[in-house]
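The lines below spell out each chain.
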Amino acid sequence: AIAFVFKYTPANALELWRRAGSATAVWENRKDIRAVVPEASPKLAETVGKLDEFLPLAEREMEFAQAKGIQCLIRPLTMACDDYPERLRNCDDAPIVLFYRGNTDLNQRRIVSIVGTRHCTEYGREICTSLTRDLSALAPDTVVVSGLAYGIDINAHRGALAAGLPTVAVLAHGLDSIYPAMHRTTAIKMLENGGLITEFSTRTVPEKQNFVRRNRIIAGLSDATIVVESA
């Protein structure tokens, strides 16, 4: 509920969570947040006061996650979880909750993001293939992260799968859909060796601004971000 009420200002949600000490402390003091965060501004207090309105949305997300558990468990990862990505946890605007579906350790020893233009050249595709193949030979425990988009992203995922590396896609929408739809087959294969992760709730459509927000998670999950091609 806290993540949803601060949907457009994740840095504010994280700062509030840290100052209050826990999500429970924020919830229990939602009517008077200054009891645990004395320096809270009137606007912040007003926003926190709306938490009750967002509880049904949070409950709906939990129900969706549990309903999908038979096929492949969807795990809400909060800042309080031991398996929350530690690299991302150190970012000032990290989301306080993520939705993850997959089987790969997001705290693996080596994680590399590979991204680039949606309009890649044949050279760019070849680089994705050779880079992931060489990574597999030199550091077979590496996780490859990208955004499932056209061009470099999808070729990075496919190159990783072909090389036997786990690969994780950060989505700009909820886990109830796949965009682009033509990448669904690859996304399903990734659930067997990798996964799908997002900060967005179900029924969130892939709007333009979501992709910009998504990019900070791609970078924050990894030790390094490799841009293969870009305008």
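What counts, and where the lines are drawn
Residues numbered from 1 in each chain as written. Predicted model: local features only at pLDDT ≥ 70, side-chain atom pairs only at ≥ 80, totals over all residues. Heavy atoms only, no water. Helix = DSSP H or I, 4+ residues; strand = E, 2+ residues; numbered from the N terminus. Rg over C-alpha atoms; globule rule 2.2 N^0.38 Å. Contact = heavy atoms within 4.5 Å. Areas by Shrake-Rupley, 256 points an atom, 1.4 Å probe, with all protein chains shown as cover. Lys, Arg positive; Asp, Glu negative; His and termini not counted. Charge placed at Lys NZ, Arg CZ, Asp CG, Glu CD. 1 Å grid on protein atoms, 1.4 Å probe; cavity = no way out; pocket = protein on both sides within 12 Å on 5 of 7 lines; lining within 4 Å. Points joined across faces, edges and corners; volume = space filled by probe spheres on them. Nonpolar A, V, L, I, M, F, W, Y, C, P; charged D, E, K, R; others polar. Core = buried A, V, L, I, M, F, W, Y, C linked by side-chain atoms within 4.5 Å. Buried < 20%, exposed > 50% of the residue type's maximum accessible area, 1.4 Å probe, protein only. Pairing = 2+ DSSP bridges. Axes fitted to C-alpha atoms, helices over the stretch in contact; angles between N-to-C directions. Left-handed = near helix turned anticlockwise from the far one by under 90°. Salt bridge = Lys/Arg side-chain N within 4 Å of Asp/Glu carboxyl O. Phe/Tyr/Trp six-rings, centres within 6.5 Å; stacked < 30°, edge-to-face > 60°. Lys NZ or Arg CZ within 6 Å of the ring centre and 35° of its normal.

In this structure, what is going on with the overall build of the protein? I would like to understand it.
Secondary structure summary: the protein contains 10 helices and 7 strands in total. The C-alpha atoms of the protein give a radius of gyration of 18 Å, which matches the 17 Å a tight globule of 231 residues would have. Judged by the C-alpha coordinates and their principal axes, the protein covers about 55 × 35 × 30 Å. A sequence separation of at least 24 residues applies to 70% of the contacts in the protein between residues at least 6 apart. Accessible surface, the protein as shown: approximately 11300 Å² in total, 53% of it carbon and sulfur. Within the protein, the 27 negative side-chain charges are centred at a point lying 4 Å from the centre of the 27 positive side-chain charges.

Even after reading the chapter, I still don't get the layout of surface pockets, so can you show me in this structure?
Rolled over the atoms, a probe sized like a water molecule indicates the empty space that remains. Approximately 450 Å³ is the volume found for the largest pocket. In this structure, the largest pocket is lined by 20 residues; those nearest its centre are Ala-1, Ile-2, Ala-23, Thr-78 and Val-97. Taken together, the elements giving at least two residues each to the lining of the largest pocket come down to α1 (2-5), α3 (23-28), α5 (51-67), β1 (74-78) and β2 (97-102). Among the elements that take part in the lining of the largest pocket, α5 stands out by supplying 4 residues, more than any other. In the lining of the largest pocket, the residues fall into 16 nonpolar, 3 polar and 1 charged.

Sorry if this is basic, but what is going on with the nonpolar core here?
Among soluble globular proteins, nonpolar side chains are generally buried collectively. Core analysis: the largest hydrophobic core is formed by 36 residues, its most contacted members being Phe-6, Leu-16, Val-26, Ile-33, Val-48, Val-145 and Ile-197. Looking at this core element by element, the count peaks at 5 residues for helix α2 (residues 10-20).

Which parts of the structure should I look at to understand the sheet that holds β1?
Strand pairing within a sheet occurs via backbone hydrogen bonds; the two strands may be parallel or antiparallel. Taken together, the 7 strands give an open sheet; going across it, the order is β1-β2-β6-β5-β4-β3-β7, and neighbouring strands pair in mixed fashion. If you trace the sheet from one side to the other, it starts and ends with β1 and β7 (224-227), each paired once. Neighbour-to-neighbour, the strand axes of the sheet open up by a mean angle of 25°, direction not taken into account. With 4 bridges joining them, strand β3 (residues 110-115) and β7 adopt parallel strand pairing. Looking at β7, one finds that Ser-113 is bridged to Thr-225.

Is there a simple way to think about the packing of helix α7 (residues 122-138) against helix α8 (residues 152-163) in this case?
Think of two packed helices as two axes; the pair is described by the angle between the axes and how far apart they sit. In contact at an axis separation of 8 Å, α7 and α8 are set at 35° when each is read in the N-to-C sense. Between α7 and α8 lies a crossing whose hand is right-handed. Taken together, the residues of α8 that come into contact with α7 (itself represented by Gly-124, Arg-125, Cys-128, Thr-132, Arg-133 and Ser-136) are Ile-152, Asn-155, Ala-156, Gly-159, Ala-160 and Ala-163. Of the residues contributing to the contact of α7 with α8, the split by class is 5 nonpolar, 5 polar and 2 charged.

Help me understand the pattern of salt bridges in this model?
Opposite charge on two side chains lets them pair, provided their charged atoms get close. Counting across every chain of the model gives 13 salt bridges. Among the ionic pairs, Arg-19 bridges to Glu-39, the shortest N-O distance being 2.8 Å. Placement of the pair is Arg-19 in helix α2 and Glu-39 in the loop between α3 and α4 (42-48), with a sequence separation of 20 residues. Residue Asp-223 is joined to Arg-87 by a salt bridge in which the shortest nitrogen-to-oxygen separation is 2.9 Å. Of the two residues, Asp-223 is situated in the loop between α10 (208-220) and β7 and Arg-87 in helix α6 (residues 86-89); the sequence distance between them amounts to 136 residues.

So what exactly am I meant to see when it comes to empty space enclosed by the protein here?
Evaluated as defined, the whole model comprises 1 cavity of 30 Å³ or more. Its boundaries defined by the atoms lining it, the largest cavity holds a volume of some 50 Å³. Surrounding the largest cavity, Glu-61, Phe-64, Ala-65, Ile-74, Phe-99, Gly-174, Leu-175, Thr-198, Phe-200, Ser-201 and Thr-202 form its lining. Broken down by element, the residue count for the lining of the largest cavity peaks at 3 residues, all from α5. The residue makeup of the lining of the largest cavity, split by class, is 6 nonpolar, 4 polar and 1 charged.

Please clarify how the packing of aromatic side chains should be interpreted in this entry.
The description of an aromatic ring pair rests on the distance of the ring centres and on the angle between the ring planes. Summed over the entire model, instances satisfying the criterion amount to 2 aromatic pairs. Note on Phe-4 and Phe-99: the rings are 6.5 Å apart at their centroids and 20° apart in plane angle, and the pair reads as stacked. Taken as a pair, Phe-4 in helix α1 and Phe-99 in strand β2 lie far apart in primary sequence, 95 residues in all. Accessibility expressed as a relative area gives 11% for Phe-4, which makes it buried. Across from the ring centre of Trp-27, 3.8 Å away, lies the NZ or CZ of Arg-30, which sits over that ring. Across the ring face of Phe-211, the terminal group of Arg-118 is positioned such that the distance to the ring centre comes to 5.3 Å.

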